[in-house]
Amino acid sequence: MKDLEAQDWESLKAAALACRECRLCETRRTVVFGEGDPGARVMFIGEGPGKTEDETGRPFVGRAGELLTRIIENGMGLNRSDVYIANVVKCRPTVDQKGTRDRPPDPEETAACSPYLVRQIELIQPEVIVTLGNPSTRFLLNTSVGITRLRGNWAEYRGIPVMPTYHPSYVLRNGGEKSPLRKDVWHDIQMVMNRLGLPVPGK
Ligand code: SF4
C-alpha cells in the first residue's frame, strides 16, 4: 500500500480515484471516497458502497443512506453537510465479484483500503467517530468482538472517542421503521449528542 501519511485532501482523493490496490477495482463503477465537512465534529463510518453509491460516487445515498440522513437531520438536528461520511472500503464489494449482491468487505480488502480512511480521520480530527456495523467497528477498535456487544459503549481510536452502533442496512433488514433496533441506535446517537453538547429532544 502506498504511503498516504503526508497527503492533503486533494492528493488523497486523487490517489483513491485512481486506486487499484485490491480486486474491488475490477468491478467498481466509481470510487466512493466520502463526503461532508472536512472540519466536521462528527464522522460516520460504514463498511462499503452499495449499488446506488457505486453508481453515484456518493456514500450512503440508497435506502440505508436515507435512514442515516434522517438520523443526522431529524434526530441530531444537523445538516448532512455538517458531518463527514465515509466507508472502510471505497469500492463496492459484491458476492463473487458479480456486481449483483452486496457483501461486507473482507479483511484483505479492508487492509488494502484502510490507509485512505486513516488519513481521512487524521485530516478531519473529529471530536467523535460513529462506526456503523461490524467492519468499521472491528477495524478501528482492532477487535473481533461483534457490534451487538460493542454498541452503546464508548471506545477510543487514537484518542478520539468512538461510538459503535448498528449499520442502517441492518436496521432496515430487521424490521425497518418498526425495528426495535432503532431504539438502540437512537440511544447511541443520544450519547453522541450529549458528548457534543447538542440538545437532545425531551431532555
Ligand atoms: S477498495 Fe480501496 S484499496 Fe481497493 S481498489 Fe478501491 S480504493 Fe483501492
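Quick notes on the rules
Going along each chain's sequence as written, the residues are numbered from 1 onward. A pLDDT threshold of at least 70 governs which residues receive local features in this predicted model, and a stricter bar of 80 or more applies before side-chain atom pairs are shown or counted, although totals over entire chains, interfaces and linings include all residues. Excluded from the side-chain calculations are hydrogens and water; all other atoms, namely the structure's heavy atoms, are used. Only buried residues count toward a nonpolar core, which is a set of Ala, Val, Leu, Ile, Met, Phe, Trp, Tyr and Cys residues joined through side-chain atoms within 4.5 Å. Think of it in three bands: with a 1.4 Å probe and only protein chains considered, a residue is buried below 20% of the maximum accessible area for its type, exposed above 50%, and partly exposed in between. Runs of H or I in DSSP of at least four residues are treated as helices and runs of E of at least two as strands, each being numbered from the N terminus. We call two residues in contact whenever any of their non-hydrogen atoms come within 4.5 Å of each other. The salt bridge definition used is simple: a Lys or Arg side-chain nitrogen within 4 Å of an Asp or Glu carboxyl oxygen. For this purpose, a residue is taken to be near a molecule or strand whenever a single non-hydrogen atom of the residue falls within 4 Å of it. Think of a 1 Å grid over the protein atoms and nothing else: a 1.4 Å probe that fits but is trapped marks a cavity, an open set flanked by protein within 12 Å on at least five of seven lines marks a pocket, and residues with an atom within 4 Å of a point count as lining. Just a note on the criterion: a molecule sits in a pocket or cavity if more than half of its atoms are within 2 Å of the grid points. Gly is placed with the polar residues, together with every amino acid not listed as nonpolar (Ala, Val, Leu, Ile, Met, Phe, Trp, Tyr, Cys and Pro) or charged (Asp, Glu, Lys and Arg). As a rule, the C-alpha atoms of each element are fitted with a line to give its axis, helices using only the stretch in contact, and angles between N-to-C directions run from 0 to 180 degrees. Oblique is the label for every angle not falling under 35 degrees (roughly parallel), over 145 degrees (roughly antiparallel), or within 65 to 115 degrees (roughly perpendicular). By definition, turning the near helix anticlockwise from the far helix through less than a right angle yields a left-handed crossing, and turning it clockwise yields a right-handed one. Grid points are joined across faces, edges and corners, and a volume is the space filled by probe spheres set on the points.

1. Side note on the nonpolar core
Judged by nonpolar contacts, the single largest core of 31 residues is most densely connected at Met43, Ile45, Tyr116, Leu117, Ile121 and Ile129. Residue assignment for this core shows that the elements contributing at least two residues are helix H1 (9-17), strand E2 (42-46), strand E3 (84-87), helix H4 (107-124), helix H5 (134-141) and strand E6 (160-165). Tallying contributions element by element places H4 first for this core, with 7 residues. Excluding anything up to four places from it in sequence, Ile121 contacts Met43, Ile45, Pro126, Ile129, Leu140, Tyr157 and Ile160. Counting 28 residues, the second-largest nonpolar core is a separate cluster that includes Met76, Val83, Val185 and Met193.

2. A closer look at the pattern of salt bridges
Summed over the entire model, instances satisfying the criterion amount to 14 salt bridges. Here Glu122 ties to Arg158 by a salt bridge, and the two come within 3.3 Å at their closest N and O atoms. Note that Glu122 is positioned in helix H4 and Arg158 in the loop between strand E5 (155-157) and E6, a separation of 36 residues in sequence.

3. Thoughts on the site of the ligand
All residues adjacent to the ligand are Cys19, Glu21, Cys22, Leu24, Cys25, Arg28, Lys90, Cys91, Ala112 and Cys113. Here the ligand is seated within the largest cavity. Considered class by class, the residues forming the shell around the ligand number 7 nonpolar, no polar and 3 charged.

4. With respect to the packing of helix H3 (residues 63-75) against helix H8 (residues 181-196)
Put simply, H3 and H8 touch, their axes get as near as 12 Å, and they point 45° apart. With respect to their mutual orientation, H3 and H8 come out oblique. Seen along the crossing, H3 lies across H8 with a hand that is right-handed. Along the contact surface, H3 presents Leu67, Arg70, Ile71 and Gly75, while H8 presents Arg182, Val185, Trp186, Ile189 and Met193. Classifying every residue of the contact of H3 with H8 gives 6 nonpolar, 1 polar and 2 charged.

5. With respect to the layout of surface pockets
Put simply, the largest pocket is a space of about 620 Å³. Elements that contribute at least two residues to the lining of the largest pocket include exactly helix H2 (51-56), H3 and helix H7 (168-173). Here the element with the most residues in the lining of the largest pocket is H7; it accounts for 4 residues. Each residue belonging to the lining of the largest pocket can be placed in one class, and the counts come to 10 nonpolar, 10 polar and 7 charged. One number sums up the size of the second largest pocket: a volume of about 190 Å³. Listed by contribution, the elements that provide at least two residues to the lining of the second largest pocket are H3, H7 and H8. A per-element tally of the lining of the second largest pocket places H3 first, with 5 residues. Taken together, the residues of the lining of the second largest pocket sort by class into 7 nonpolar, 2 polar and 2 charged.

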